[in-house]
Amino acid sequence: MGYSDNTKQSVLSNISINAVELLNRYDNFFIYYEHIGEPDFNSDILKKIYDECVNIELDINNILIVNGTNSNNLINLDFKEKYGVESNMRLLTYNWPIPFKALEIRSVRGIEPNKDSEKSTIADISHIHLKKSKKALFLNRRLRYHRLLSLCLLENLNLLDNMLYSFDLSQNMYDNLNDMILDDVTHHNPIYITDEINKDKILNGFSSLQRKKKSILDFDDLSSVHGYGMETKELYEQTFFSIVSETEFNLFTQSFTEKIMKPIQHCHPFVLIGSPYILKTLKRYGFKTFSNWWDESYDNIEDNETRLINVIDLIESLTNKSDDEWNAMLLDMEDTLLHNQNILLSYGEDKLNNILLKNIKRAIKYNGNTIL
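Residues numbered from 1 in each chain as written. Predicted model: local features only at pLDDT ≥ 70, side-chain atom pairs only at ≥ 80, totals over all residues. Heavy atoms only, no water.

Axis separation between helix α4 (residues 97-108) and helix α14 (residues 334-346) bottoms out at 8 Å; the angle between their running directions is 100°. Judged on the interaxial angle alone, α14 and α4 are roughly perpendicular. Together, Ile-98, Lys-101, Ala-102, Ile-105 and Arg-106 of α4 and Gln-341, Leu-344, Leu-345 and Ser-346 of α14 make up the contact between the two elements. For the contact of α4 with α14, the residue count by class is five nonpolar, two polar and two charged. (Axes fitted to C-alpha atoms, helices over the stretch in contact; angles between N-to-C directions. Helix = DSSP H or I, 4+ residues; strand = E, 2+ residues; numbered from the N terminus. Parallel < 35°, antiparallel > 145°, perpendicular 65-115°, else oblique. Contact = heavy atoms within 4.5 Å. Nonpolar A, V, L, I, M, F, W, Y, C, P; charged D, E, K, R; others polar.)

This is the structure:
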């Protein structure tokens, strides 16, 4: 069950009086309410669900709200402070990209049939021995604010020419970037840029990007690209590492999507442009990251501008490494890359569902929020 922005209500409005009475009477009867799709879940959405519970006189303790974020504790705190509500809502995390992309690679490997992934091709670990044409792979579709700023900063450093990157300004969601950078407070930017040097770098990079033609990799029509059944192994075989620009970047939506699963599928090391603590969350699911080879402390930085600049600095240092240095690193991290791909392969439907079931039991018992 979920909240619909089109109808401005959820299916809670259709629950019968008898069902509400049963829910309020019994301690072992709950509504499982799933907020599906991209993990855009926040305290405002939670307030709408809360108001509907109040409207139908449903005890909020009898509703289990499942979503794709990893910041439910912060969302609950923000909800209570913003709206003056004392009780915790029972929030649970379901990281849907893991089984979503696990099914794809399992299908390509012949482990589990699925017709939707028949056209996907997945690189194997042997690609680390292939000659690379570029240093990094940077896939972009919709130019969300943090993606656009990242492209501007990388272009300012003249690094994009040494990358395979997709780029189409028709997908830009912020045509007034110049004004937004120069007048952050007025425009309530997703990332508040305070440093004047950083502003100059972004504006200089944006000016250069506007003179560039769109860059096409595997698919020309980026508006029709989606995250499943469209993998192209050659992009990973031709590059040393991935730059993953996630859907969300802020502290209150600590989420990851299929985008971070893509390099894991292809035995590709990665640097993340996204919310804080995502690398930490990936480790909870058994994946390994790359702190043995470079500094991943950016994952712990909550300030958006500082985290973004730290990641760009890291990307610059990795892009400037020689091919020999990268070849040696890839050989050294072979076990880690293969481990990550095998962990993803292991996530059949039952494995993550068992984690979710455990979390449901914990939420019922402790009335708390869960991450894993």
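After that view of the structure, there is still more to cover.
This brings us to the sheet that holds strand β8 (residues 239-245). An order of β7-β6-β8-β9 is seen for the four strands of this open sheet, with the pairing classed as parallel. On the outer flanks of this sheet lie β7 (163-165) and β9 (270-273), each paired with one strand and no other. Between one strand and the next, the sheet's axes are offset by a mean angle of 20°, whatever the strand orientation. Inspection of the sheet shows β8 paired to β9 by four bridges, in the parallel sense. Paired with Ser-245 across the strands is Ile-273, a residue of β9. In the packing of helix α12 (residues 304-319) onto the sheet, the strands contacted are β6 (134-138), β7, β8 and β9, and the crossing angle to β9 comes to about 155°. (Pairing = 2+ DSSP bridges.)

The next thing to look at is the pairing of strand β5 (residues 90-93). Here β5 shows two buried faces, one formed by Arg-90 and Leu-92 and the other by Leu-91 and Thr-93. Of the strand pairs in this sheet, strand β4 (residues 63-67) and β5 are connected by four bridges, and their pairing is parallel. Bridged to Ile-65 within β5 is Leu-91. For the segment spanning β4, helix α3 (residues 72-83) and β5, crossover handedness is right-handed. (Buried < 20%, exposed > 50% of the residue type's maximum accessible area, 1.4 Å probe, protein only. Right-handed = clockwise from strand over helix to strand, strands pointing away.)

Right, let's get into empty space enclosed by the protein. Counting across every chain of the model gives one cavity of 30 Å³ or more. The calculated volume of the largest cavity comes to roughly 30 Å³. Lining the largest cavity are Leu-139, Asp-218, Met-230, Glu-231, Thr-232, Leu-235, Tyr-236 and Lys-262. (1 Å grid on protein atoms, 1.4 Å probe; cavity = no way out; pocket = protein on both sides within 12 Å on 5 of 7 lines; lining within 4 Å. Points joined across faces, edges and corners; volume = space filled by probe spheres on them.)

On the secondary structure map, Ser-120 appears in the loop between α4 and β6. Judged by relative accessible area, Ser-120 falls into the buried class, the value being 6%. Only 2.5 Å separates the side chain of Ser-120 from the side chain of Glu-104, close enough to count as a polar contact. At 3.2 Å, the side chain of Ser-120 and the backbone nitrogen of Glu-231 are in polar contact. (Polar contact = N/O pair within 3.5 Å; in protein donor to acceptor, adjacent residues only side chain to side chain.)

All right, on to the environment of Tyr-50 then. With respect to the helices and strands, Tyr-50 occurs in helix α2 (residues 43-55). Sequence spacing of Tyr-50 and Ile-60 is 10 residues, and the spatial spacing of their C-alpha atoms is 7.0 Å. Ignoring anything within four residues of it in the chain, the contact list for Tyr-50 reads Ile-60, Phe-79, Val-85 and Met-89.

As far as function goes, none of this settles anything; it's purely spatial.
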